[in-house]
Amino acid sequence: MQNTMCDAAVDYVDSGAGVGTIKIYTATMPSSANTAVSSQTLLATFSLQNPAFGAASSGVATLAGTPITTTGAAAGTAAWFRCATSTPGTCFDGSVTATGGGGDLQLNTTTISVGVNVQITSGTFTMPSGE
């Protein structure tokens, strides 16, 4: 059941007419993915593959196609991300760290600069077991 629910969540990323996205922001992550972004600064937007994630194993789906590179749109320190469909429908939010830092999404650097490449080195979505 955990894998089925995880797959359903990440399959939603691919439900729009185009590819899903991951947007990287500064500051504090909203309390839920249903809460609008307010004062946080959008640092970078990544276009994902379709499908964006592989099949879940033990409740964890891994982001496909890494590394994924884009260019910084603003300067700041990456703190969290929002994954969305192309429509855009919000799918989920998660933590961001530098590679090896244990975040849901790991970047080559959390210091993002305008016009400088930034890279997703790995990413996962985890469905809690409910036990």
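Here is a short report on the structure shown in this document. (Residues numbered from 1 in each chain as written. Predicted model: local features only at pLDDT ≥ 70, side-chain atom pairs only at ≥ 80, totals over all residues. Heavy atoms only, no water.)

Here we take up the pattern of salt bridges. Oppositely charged side chains may form a pair once their charged atoms are brought near each other. Inspection of the entire model under this criterion finds one salt bridge. We note a salt bridge from Asp-93 to Arg-82, for which the minimum N-O separation is 2.7 Å. One end of the pair, Asp-93, is in strand E7 (residues 90–98); the other, Arg-82, is in strand E6 (residues 80–84), and eleven residues separate them in sequence. Exposure class is identical for Asp-93 and Arg-82. Each is buried. (Salt bridge = Lys/Arg side-chain N within 4 Å of Asp/Glu carboxyl O. Helix = DSSP H or I, 4+ residues; strand = E, 2+ residues; numbered from the N terminus. Buried < 20%, exposed > 50% of the residue type's maximum accessible area, 1.4 Å probe, protein only.)

Turning to the packing of aromatic side chains, a few remarks are in order. Per the stated rule, a full pass over the model turns up four aromatic pairs. When the centroid spacing of 4.6 Å and the interplanar angle of 15° are considered together, the rings of Tyr-25 and Trp-80 count as stacked. With Tyr-25 in strand E1 (residues 21–25) and Trp-80 in strand E6, the pair connects residues that are 55 residues apart, well separated along the chain. For the ring pair Phe-92 and Phe-125, a centre distance of 4.5 Å and an interplane angle of 45° mean the geometry is tilted. In this pair, Phe-92 is assigned in strand E7 and Phe-125 in strand E10 (residues 117–126), connecting sequence segments 33 residues apart. Each member of the pair, Phe-92 as well as Phe-125, carries the same accessibility label: buried. (Phe/Tyr/Trp six-rings, centres within 6.5 Å; stacked < 30°, edge-to-face > 60°.)

Quick look at the side chain of Thr-21 now. With respect to the element layout, Thr-21 can be found in strand E1. For Thr-21, a relative accessible area of 15% gives the class buried. Leave out the neighbours within four places in its chain, and Thr-21 touches Thr-45, Phe-46, Leu-48, Arg-82, Cys-83 and Ala-84. (Contact = heavy atoms within 4.5 Å.)

Further remarks concern the nonpolar core. Judged by nonpolar contacts, the single largest core of 29 residues is most densely connected at Ile-22, Ile-24, Phe-53 and Leu-107. Only helix H1 (2–11), E1, strand E2 (42–47), E6, E7, strand E8 (105–107) and E10 provide two or more residues apiece to this core. Setting aside residues no more than four positions away along its own chain, Phe-53 makes contact with Val-10, Val-13, Ala-61, Thr-62, Leu-63, Ala-64, Cys-83, Phe-92, Thr-124 and Phe-125. (Core = buried A, V, L, I, M, F, W, Y, C linked by side-chain atoms within 4.5 Å.)

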